[in-house]
Amino acid sequence: MTAGQFTLIFITALALTTLAKLWLARRQLAHIAAHRTSVPESFREKIELEDHQKAADYTSAKTRFAMFSILFDALLLLAFTLAGGIQFLADISRGWFDAPLVQGMVTIVAVLLLSSLLEAPFSLYRTFVIEARFGFNKMSLALYLTDALKSLALGAILGLPLLFGVLWLMERMGEFWWLYVWLVWVVFNLTILFIYPSFIAPLFNKFTPLQDAAMKSRIEALLDRCGFAAQGLFVMDGSKRSAHGNAYFTGFGKTKRIVFFDTLLERLNGNEIEAVLAHELGHFKRRHVLKRIVATFAMSLGFLWLLGQLMQNGWFFQGLGVSTHSTALALLLFFMILPIFSFLLHPLLSAYSRKHEFEADSYAAGHTAAADLVSALVKMYQDNAATLTPDPLYSRFYDSHPPAVVRIAQLQTQ
């Protein structure tokens, strides 16, 4: 393959992927607008028209804004690749530093920082305009900036040593470097899973033990019935940042924690909370977490092997507007263009995730009343302004959870 041919493949893939994303977004907008004036029949006794329309407007606002982000991301990718942005930064780095490994690290960090800086206005608008307009944002600008600085510092502390190790292995481990890098990546991610509940999450939120004795007793009884052990039951001050509510498990092995958003506890009754927790337990009992971790590691191994093949060819670099051939630039280019060439995996991954959600719902219905989970889900759809009428094709591509109408109908048969 020549560099020109690969450039054509890249441009074609980028154009088709961008157009497909915009087309799906337009379908989503049209479908939501067409169903805005009436609540789906199965929800008419549970959801007011006003709430249904708020969800439609909120989803539409996010989708329209996402269309601008899609176009911006495509232009930014072109600026970094074919327009010479990466090569420009690599030339500066080469002029400042002698060691190739340091040059590579500086170039990658520069691209990441510049990308974050350019995308910051989108994040600010999403948080302080869209989320605020619909009553969800609770963050001050000071808290937003504090979170950003903490994330930057955490990324440097954890990410820079990892990046150094990866680049060192790529340069020193010969033909099978990708296997060594994969092993380091696996260990790193498992370590993060272990330390996240105790060391990382508390940097951003306050976690307090669940104080409600009656609720704690109910939850512990459910855990006993399901044969599940957790390090503790915690309430997170999610209301400090957002009005959205949720519950989740975090950690791995003996560090597992059950975490409830304070907003969720304020909204749901005891039976509903127990049902939501049973759903989350279902993910663990059906080994969904383990399956997803294994699938992620398997895909990362495949991607690293593919990178090992591509970086041996000059056309890979030159076809993306880079004349300097190095392991660092190969790594950077590969993971910048990977979302373009893996776009068609979206519906497969989404279908796999929705399958797990159905299985977790079924597990919850076997250990609590299905009607309680239905009631909890309806309140969560309502409180989070989640649309009840997504476009079917858009949903198949992107939604990790089944559409509300389908999910509730399935639960009502159990």
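Residues numbered from 1 in each chain as written. Predicted model: local features only at pLDDT ≥ 70, side-chain atom pairs only at ≥ 80, totals over all residues. Heavy atoms only, no water.

Visitor: Where do I start with the overall build of the protein chain in this structure?
Guide: Along the protein chain, the regular secondary structure elements total 16 helices and four strands. What you see for the protein chain is a C-alpha radius of gyration of 23 Å, in line with the 22 Å of a compact globule of 414 residues. Counting only C-alpha atoms, the protein chain reaches 65 × 50 × 40 Å along its principal axes. The proportion of buried residues among the 414 residues of the protein chain is 46%. Put simply, the protein chain shows about 20600 Å² of open surface, and 65% of that area lies on carbon and sulfur atoms. In the protein chain, which carries 35 positive and 30 negative side-chain charges, the distance between the mean positions of the two groups comes to 2 Å. (Helix = DSSP H or I, 4+ residues; strand = E, 2+ residues; numbered from the N terminus. Rg over C-alpha atoms; globule rule 2.2 N^0.38 Å. Buried < 20%, exposed > 50% of the residue type's maximum accessible area, 1.4 Å probe, protein only. Areas by Shrake-Rupley, 256 points an atom, 1.4 Å probe, with all protein chains shown as cover. Lys, Arg positive; Asp, Glu negative; His and termini not counted. Charge placed at Lys NZ, Arg CZ, Asp CG, Glu CD.)

Visitor: Mind showing me how you'd approach the pairing of strand β4 (residues 257-261) here?
Guide: Remark: a regular strand shows side chains that alternate across the two faces of the sheet. Across the five residues of β4, five count as buried, placing the element largely inside the fold. Of the two faces of β4, the one lined by R257, V259 and F261 and the one lined by I258 and F260 are each fully buried. Bridge count between strand β2 (residues 232-236) and β4: five bridges; the pairing is parallel. Each residue of the ladder has a partner; that of F234, found in β4, is V259. Sheet analysis places strand β3 (residues 247-250) next to β4, joined by four bridges and oriented antiparallel. Considered in β4, the bridge of T250 is made with R257. (Pairing = 2+ DSSP bridges.)

Visitor: In this structure, what is going on with the pattern of salt bridges? I would like to understand it.
Guide: When the charged atoms of two side chains with opposite charge come close together, those side chains can pair. One pass over the structure, following the stated rule, counts 13 salt bridges. Taking the shortest distance from any N to any O, the salt bridge between R267 and D383 comes out at 2.6 Å. Within this pair, whereas R267 is found in helix α8 (residues 262-267), its partner D383 is found in helix α14 (residues 370-383), the two being separated by 116 residues in sequence. According to the relative accessible area criterion, R267 is partly exposed, its value standing at 33%. (Salt bridge = Lys/Arg side-chain N within 4 Å of Asp/Glu carboxyl O.)

Visitor: In this structure, what is going on with helix α13 (residues 346-367)? I would like to understand it.
Guide: With 22 residues, α13 should cover 32 Å at 1.5 Å per step; its first-to-last C-alpha distance of 32 Å lies within 8% of that length. Listed in full, the buried residues belonging to α13 are S350, S353, R354, H356, E357, A360, D361, Y363, A364 and A365. For α13, the secondary structure elements touched by its buried residues are α7 (213-226), α9 (270-285), α10 (288-310), α14, α15 (392-398) and α16 (404-412). (Expected span 1.5 Å × (residues − 1). Contact = heavy atoms within 4.5 Å.)

Visitor: Explain empty space enclosed by the protein to me, please; I cannot follow it from the model alone.
Guide: The gaps left among the atoms become clear once a water-sized probe is rolled over them. Enumeration over the complete set of coordinates arrives at one cavity of 30 Å³ or more. The wall of the largest cavity is formed by I47, D51, H52, A55, Y381, Q382, A386 and L388. In terms of residue count, helix α2 (residues 49-80) provides more of the lining of the largest cavity than any other element does, three residues in total. (1 Å grid on protein atoms, 1.4 Å probe; cavity = no way out; pocket = protein on both sides within 12 Å on 5 of 7 lines; lining within 4 Å. Points joined across faces, edges and corners; volume = space filled by probe spheres on them.)

Visitor: Would you explain unusual backbone geometry in this entry?
Guide: Peptide bonds are trans in most cases, and residues, glycine excluded, mostly fall at negative phi. One non-glycine residue, R287, adopts positive backbone phi at about 60°. With respect to the element layout, R287 can be found in the loop between α9 and α10. Even without a glycine there, the phi angle at A385 is positive, about 55°. One can find A385 in the loop between α14 and α15. Using a relative accessible area of 2% as the deciding quantity, one classes A385 as buried.

Visitor: Just to check I follow, could you spell out the layout of surface pockets for this structure?
Guide: Size it by volume and the second largest pocket reaches roughly 1500 Å³. Lining the second largest pocket we find 49 residues, and of these N246, N384, S400, H401 and R407 sit closest to its centre. The element that contributes the greatest number of residues to the lining of the second largest pocket is α2, accounting for seven residues. The residue inventory of the lining of the second largest pocket, partitioned by class, reads 24 nonpolar, 17 polar and eight charged. (Nonpolar A, V, L, I, M, F, W, Y, C, P; charged D, E, K, R; others polar.)

Visitor: Is there a simple way to explain the packing of helix α1 (residues 3-34) against α2 in this structure?
Guide: Pairs of packed helices are described in terms of their axes, by the angle between the two and the distance that separates them. Relative to each other, α1 and α2 sit at 170°, their axes nearing to 9 Å. Between α1 and α2, the crossing angle belongs to the class labelled roughly antiparallel. Judged by residue contacts, F10, L14, T18, K21, L22, A25, R26, Q28, L29 and I32 of α1 engage A56, T59, S60, T63, R64, M67, I70, L71, A74, L77 and L78 from α2. (Axes fitted to C-alpha atoms, helices over the stretch in contact; angles between N-to-C directions. Parallel < 35°, antiparallel > 145°, perpendicular 65-115°, else oblique.)

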